[in-house]
Amino acid sequence: MAEAHRSHFSIWFYIGALLTLYGALILGSGLWQIDHPAPGLALQNLHAGVWWGGFLLVSGLIYLAVFRPRHN
Amino acid sequence: MTMTLAMALPARLINLNPVDWVIIGTYFLATLGLGFYLKRFSETGEDFFLAGRQMTAWVAGLSFLAANLSSLELMGWAASSYEYGILATHWYWIGAVPAMLFLGVVMMPFYYISKTHSVPGYLQLRYGEPTRMLSAICFAFMTVLVSGVNMYAMALVLKIMLGWNISFSIWISAFTVAIYVGLGGLRSAIFNEVLQFMLIWAGAIVISILGLIDVGGWSGLVARIHAEFPGQDYTHLWSGLGSFTANPMGVHWTGIVFGLGLITSFGYWTTDFLVVQRVLAAKDLRSAQMAPIIAAGFKFCVPFIVILPGLLGLAVLPYHLVGQTQAAATGAFSYNEVLPLMLARYCGPGLLGLGITALIAGFMSGMAGNVSAFATVWTYDLHRPMIERRAVRRGLLRPAAAAAAEVAGTGDIVGISGVVPEPLRSDKHYVRMGRASILVGVLISIGTAYFVMQFASIMDYVQALFSFFIAPLFGTVILGMLWKRTTGAGGFWGLLSGTCTSVGMWLAIKVNPGALAYVALSSHAKAMAANLYQALWSGIVCVLVTVVVSLATAPRPEAELNGLVYGCTLLPDDGEMALYQRPWFWAAIVFTVLFIGNLILW
């Protein structure tokens with residue numbers, strides 16, 4: 001899946017790494033906000049940070065696994 | 001009520017938490033890191049300006065869309081949907097999807113087979129040097145202006161959200177883009193655009209999902225808008241377009257179908273080099289054809305993250321937003337600020353950082369698209385012909401050889417071998433020129449950003465620019481591709497007269513607003529509608545003048561049109577290919593979905 005043949009660089013792997021990092025940060029922040037709600041925010045009871053952070057984390061890990069560099 | 005509430009609101013919408021800063025900072029490091037890493041693969045002209053022509057259909061397609069998904073898309077169209085309602089969706093559906101499909105199925109083979117490096121380059125091959133120069137100058141002018149609009153939009157968001165100084169935001173974002181595009185060229189711009197595309201969706205879609213839950217789904221949204229704005233139709237695509245006065249935009253369906261759907265849309269999506277450049281970087285013809293079709297599929301979905309937040313703003317914000325001029329005078333929030341306001345309403349720490357990252361990513365992808373396209377057009381279509389003309393004057397190059405060099409020269413810009421004994425300039429010279437022009441383009445854009453602050457509406461301003469240059473250009477390109485009788489003189493005079501017509505109408509309305517009634521066929525038309533009709537008339541003038549002048553001048557021999565014109569070009573055989581692998585099959589599916597979507601929201 002290397003997009004640039006000469007560089008053997010996969011942009012999807014790079015994106016996976018970033019999504020994993022972002023997912024972990026947002027999930028962690030969402031969990032913290034369960035006990036420390038932010039003032040003036042609508043729909044806090046839905047804990048959007050938890051489920052969206054979790055979704056990004058899982059998506060990022062899938063990208064990392066599928067597009068990991070392979071040595072022929 | 002609007003003024004009282006707005007003036008009671010804080011000057012800064014939100015305060016970021018450490019986790020938000022980490023997310024934003026990581027994004028800047030990721031984009032810069034990509035640029036530094038890819039620099040090693042961008043040493044030749046082909047690598048720097050065309051990404052080595054190695055991109056897959058998905059990468060080229062997402063980049064094609066992301067280059068357009070700039071701050072104007074995210075902020076400007078969210079603002080337009082608050083102001084005009086769901087009518088703004090037309091700019092994504094009929095105003096984009098058919099043209100993108102047409103580019104993939106019909107036009108891409110000619111762009112790709114001609115091995116041109118740019119749209120002005122195609123015009124040079126088809127019509128000759130004058131048309132190329134006219135197009136290149138107009139394009140270069142437009143790209144730096146649009147880039148400036150991007151910068152201003154981003155600085156505005158950062159000022160509202162974070163209280164950042166506008167000048168600081170402009171300079172820091174501009175130089176980040178200059179570094180990563182300057183280092184890695186088009187390859188870096190494209191890969192960053194794909195990254196930005198993913199982040200835009202990841203950050204922006206949360207607002208729509210939470211907003212729909214908040215209002216009780218689509219039916220709840222419609223009911224709340226009707227309750228908040230009684231007697232106005234913000235939720236139908238076509239049913240209010242039977243008259244100029246029955247919809248918030250003051251537009252008639254003829255303006256949407258012909259001005260937007262036919263002229264402006266096809267002009268932008270099929271001839272604006274900013275987007276076409278991404279597809280030219282595809283690794284083969286099928287990838288080049290599939291890229292705009294993939295992009296069209298995603299384009300159909302973009303209103304979910306752009307238009308919907310504006311409509312949700314109409315339903316849930318406890319105060320009414322106003323135009324930019326009134327906002328400046330009263331301190332109220334303007335239409336342009338609806339997306340940041342919705343972000344602040346629903347997103348807490350973490351999600352907020354991701355949302356702001358999505359906005360910054362949109363700004364940067366638009367900026368990077370503009371400066372990379374500007375660098376290519378400047379280097380290949382303006383700087384290089386100047387060198388060759390100078391060489392002809394000095395006797396280093398015969399005029400015929402110069403023309404042959406143009407025909408031969410695609411990525412191989414020094415490859416005039418067999419025509420002249422020595423290369424005019426080394427490949428590295430043109431790469432250096434590309435990097436320098438990126439820096440210069442960014443600096444001009446910064447100046448433009450300060451200029452744009454004086455304009456009342458960001459989107460109306462850019463639409464006016466598109467109608468100046470893009471609408472007539474489509475007439476020139478499509479006649480050149482599909483009608484072999486079109487001549488060089490016809491192409492040049494058609495393009496020039498179409499552009500002058502558009503500028504003339506714009507000036508006439510500026511000098512005498514009463515002229516709007518004649519240009520847009522109604523005194524009820526608003527600025528956005530007027531732009532559509534300007535585009536329509538300029539496109540018609542361009543086509544008429546091109547046809548008349550072409551019929552009055554001698555045509556080129558058909559042998560010279562091979563690879564450039566339908567009917568004179570043997571298109572490569574696709575060979576044995578399953579139905580699902582054929583570009584037209586996917587184009588038909590996307591078109592069907594578009595048709596159904598319009599029926600549902602009629």
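In this text the structure is predicted, and so the values were computed from the model without any measurement.

Colleague: Got a minute to help me understand the overall build of chain A in this structure?
Modeller: The helix and strand tally for chain A stands at two helices and zero strands. For chain A, buried positions account for 42% of its 72 residues. For chain A, long-range pairs separated by at least 24 residues make up 64% of all intrachain contacts whose partners lie at least 6 apart in sequence.

Colleague: For this particular structure, what's the right way to read the overall build of chain B?
Modeller: For chain B, the helix and strand inventory stands at 24 helices and zero strands. Evaluated residue by residue, chain B yields a buried proportion of 65% over its 602 residues. In chain B, the proportion of contacts linking residues at least 24 apart, taken out of those at least 6 apart, comes to 83%. Total accessible area computed for chain B in this model is approximately 20,200 Å², and 68% of it derives from carbon and sulfur atoms.

Colleague: Would you mind going over the nonpolar core with me for this structure?
Modeller: Ranked by internal contacts, the top residues of the largest apolar core, which has 225 residues, are Tyr111 and Ile356 of chain B. Tallying contributions element by element places helix 9 (residues 166–215) of chain B first for this core, with 25 residues.

Colleague: Please explain the pattern of salt bridges as it appears in this structure.
Modeller: A side chain of one charge can pair with a side chain of the opposite charge if their charged atoms are brought near each other. Residues and elements named next belong to chain B. Scanning the entire structure with this criterion turns up nine salt bridges over all chains. Two residues, arginine 132 and glutamate 129, come together in a salt bridge whose shortest N-O distance is 2.8 Å. On the criterion of helical spacing, the pair formed by arginine 132 and glutamate 129 is a turn pair, its members being three residues apart in helix 8 (residues 129–162). Residue classification places glutamate 129 among the partly exposed residues on the basis of a relative accessible area of 23%. Residue arginine 345 is joined to aspartate 214 by a salt bridge in which the shortest nitrogen-to-oxygen separation is 3.0 Å. With arginine 345 in helix 16 (residues 338–346) and aspartate 214 in helix 9, the pair connects residues that are 131 residues apart, well separated along the chain. Relative accessible area serves as the criterion here: at 23%, arginine 345 is assigned to the partly exposed category. Look at the salt bridges and you will find they share partners, linking Glu129, Arg132 and Asp381 into a network.

Colleague: Where do I start with the interface of chain A and chain B in this structure?
Modeller: It is common to give the size of an interface as the accessible area lost on bringing the parts into contact. Residue-level contacts link 28 residues of chain A with 42 residues of chain B. For the interface between chain A and chain B, the tally reads zero salt bridges. The interface formed by chain A and chain B contains seven residue pairs in polar contact (both at pLDDT 80 or more). Where the side of chain A that touches chain B is concerned, the elements lending two or more residues are helix 1 (11–35) and helix 2 (48–66) of chain A. For the side of chain A that touches chain B, the element with the highest residue contribution is helix 1 of chain A, accounting for 11 residues.

Colleague: What's the story with a positive patch on the surface in this structure? I'm lost.
Modeller: Taken together, the side chains of Arg389, Arg390, Arg393, Arg394 and Arg425 of chain B make up a positively charged region of the molecular surface. Within the secondary structure layout, arginine 393 of chain B lies in helix 17 (residues 351–393).

Colleague: Could you clarify how one ought to interpret the side chain of serine 538 of chain B in this entry?
Modeller: Residue and element names in this part refer to chain B. As for its position among the elements, serine 538 is in helix 23 (residues 527–552). For serine 538, a relative accessible area of 0% puts it in the buried group. Polar contacts involving the side chain of serine 538 include one to the main-chain carbonyl oxygen of alanine 535, which spans 3.0 Å.

Colleague: Looking at this model, I keep getting lost on the packing of aromatic side chains. Mind explaining?
Modeller: Each aromatic ring pair is characterised by the separation of its centres together with the angle its planes make. In this structure the tally under the stated criterion is 33 aromatic pairs over all chains. Summarising the aromatic geometry, the rings of tryptophan 12 of chain A and tyrosine 63 of chain A are spaced 6.4 Å apart at their centres and angled 55° between planes, so their arrangement reads as tilted. A residue pair is termed long-range when its members are at least 10 positions apart, and tryptophan 12 of chain A in helix 1 and tyrosine 63 of chain A in helix 2 qualify at 51 residues. Since its relative accessible area comes to 22%, tyrosine 63 of chain A is described here as partly exposed. Aromatic ring contacts, followed pair by pair, group Trp58, Phe197, Trp201 and Phe298 of chain B into a single cluster. Taking NZ or CZ as reference, arginine 53 of chain B lies 5.8 Å from the ring centre of tyrosine 112 of chain B, over its face. The ring of tyrosine 127 of chain B has arginine 126 of chain B lying over it, and the distance from NZ or CZ to the ring centre is 5.2 Å.

Colleague: Help me understand the environment of threonine 499 of chain B in this model?
Modeller: Residue and element names in this part refer to chain B. With respect to the helices and strands, the residue threonine 499 is situated in helix 21 (residues 488–511). Between the alpha carbons of threonine 499 and phenylalanine 469 there is a distance of 5.8 Å; along the sequence they are 30 residues apart. Not counting residues within four places of it along the chain, the set of residues in contact with threonine 499 comprises Phe468, Phe469 and Pro472.

Colleague: Mind showing me how you'd approach the environment of isoleucine 26 of chain A here?
Modeller: As for its position among the elements, isoleucine 26 of chain A is in helix 1. The sequence separation of isoleucine 26 of chain A and tryptophan 52 of chain A amounts to 26 residues, and the corresponding C-alpha distance is 7.6 Å.

Colleague: Is there a simple way to think about the confidence of the model for chain A in this case?
Modeller: Segments scoring low in pLDDT should not have their predicted coordinates read at a detailed level. Per-residue pLDDT for chain A has a mean of 85; in total, 86% of the residues score no lower than 70. This model gives residues 1–5 of chain A a pLDDT under 50, and the stretch forms 18 contacts once residues within four places in sequence are excluded.

Colleague: Explanation requested: the packing of helix 6 (residues 97–113) of chain B against helix 12 (residues 273–280) of chain B in the structure shown.
Modeller: When two helices pack together, their arrangement is given by the angle between the helix axes and the distance between those axes. Residue and element names in this part refer to chain B. Contact geometry for helix 6 and helix 12: axes closest at 11 Å, N-to-C directions at 70°. Taken as axis vectors, helix 6 and helix 12 run roughly perpendicular relative to one another. In contact with Met108, Tyr111 and Tyr112 of helix 6, helix 12 contributes Val276, Val279 and Leu280. Among the residues making up the contact of helix 6 with helix 12, the classes are represented as six nonpolar, no polar and no charged.

Colleague: I would appreciate a short explanation of the packing of helix 8 of chain B against helix 21 of chain B in the present structure.
Modeller: Residue and element names in this part refer to chain B. Contact pair helix 8 / helix 21: the axes reach a minimum separation of 8 Å and the direction vectors enclose 25°. Taken together, the axes of helix 8 and helix 21 lie roughly parallel to each other. Crossing geometry of helix 8 relative to helix 21 is assigned as left-handed. Each of Pro130, Thr131, Leu134 and Ser135 in helix 8 lies in contact with helix 21, whose residues at this interface are Gly488, Gly491, Phe492, Leu495 and Leu496. When grouped by side-chain class, the residues that make up the contact of helix 8 with helix 21 number five nonpolar, four polar and no charged.

Colleague: Can you walk me through the side chain of threonine 26 of chain B in this structure?
Modeller: With respect to the secondary-structure elements, threonine 26 of chain B resides in helix 2 (residues 18–38). Taking relative accessible area as the criterion, threonine 26 of chain B reaches 16% and is therefore assigned buried. For threonine 26 of chain B, the side chain forms a polar contact with the main-chain oxygen of valine 22 of chain B, separated by 2.6 Å. When sequence neighbours within four positions are dropped, the list of residues in contact with threonine 26 of chain B reads Leu18, Leu21 and Tyr22 of chain A.

The rules behind the values
- Residues numbered from 1 in each chain as written.
- Chains lettered and ligands numbered in written order.
- Predicted model: local features only at pLDDT ≥ 70, side-chain atom pairs only at ≥ 80, totals over all residues.
- Heavy atoms only, no water.
- Helix = DSSP H or I, 4+ residues; strand = E, 2+ residues; numbered from the N terminus.
- Buried < 20%, exposed > 50% of the residue type's maximum accessible area, 1.4 Å probe, protein only.
- Contact = heavy atoms within 4.5 Å.
- Areas by Shrake-Rupley, 256 points an atom, 1.4 Å probe, with all protein chains shown as cover.
- Core = buried A, V, L, I, M, F, W, Y, C linked by side-chain atoms within 4.5 Å.
- Salt bridge = Lys/Arg side-chain N within 4 Å of Asp/Glu carboxyl O.
- Polar contact = N/O pair within 3.5 Å; in protein donor to acceptor, adjacent residues only side chain to side chain.
- Patch = residues over 30% accessible without salt bridge, like charges linked within 9 Å, V, L, I, M, F, W, Y side chains within 5 Å.
- Lys, Arg positive; Asp, Glu negative; His and termini not counted.
- Charge placed at Lys NZ, Arg CZ, Asp CG, Glu CD.
- Phe/Tyr/Trp six-rings, centres within 6.5 Å; stacked < 30°, edge-to-face > 60°.
- Lys NZ or Arg CZ within 6 Å of the ring centre and 35° of its normal.
- pLDDT = per-residue confidence, 0-100.
- Axes fitted to C-alpha atoms, helices over the stretch in contact; angles between N-to-C directions.
- Parallel < 35°, antiparallel > 145°, perpendicular 65-115°, else oblique.
- Nonpolar A, V, L, I, M, F, W, Y, C, P; charged D, E, K, R; others polar.
- Left-handed = near helix turned anticlockwise from the far one by under 90°.

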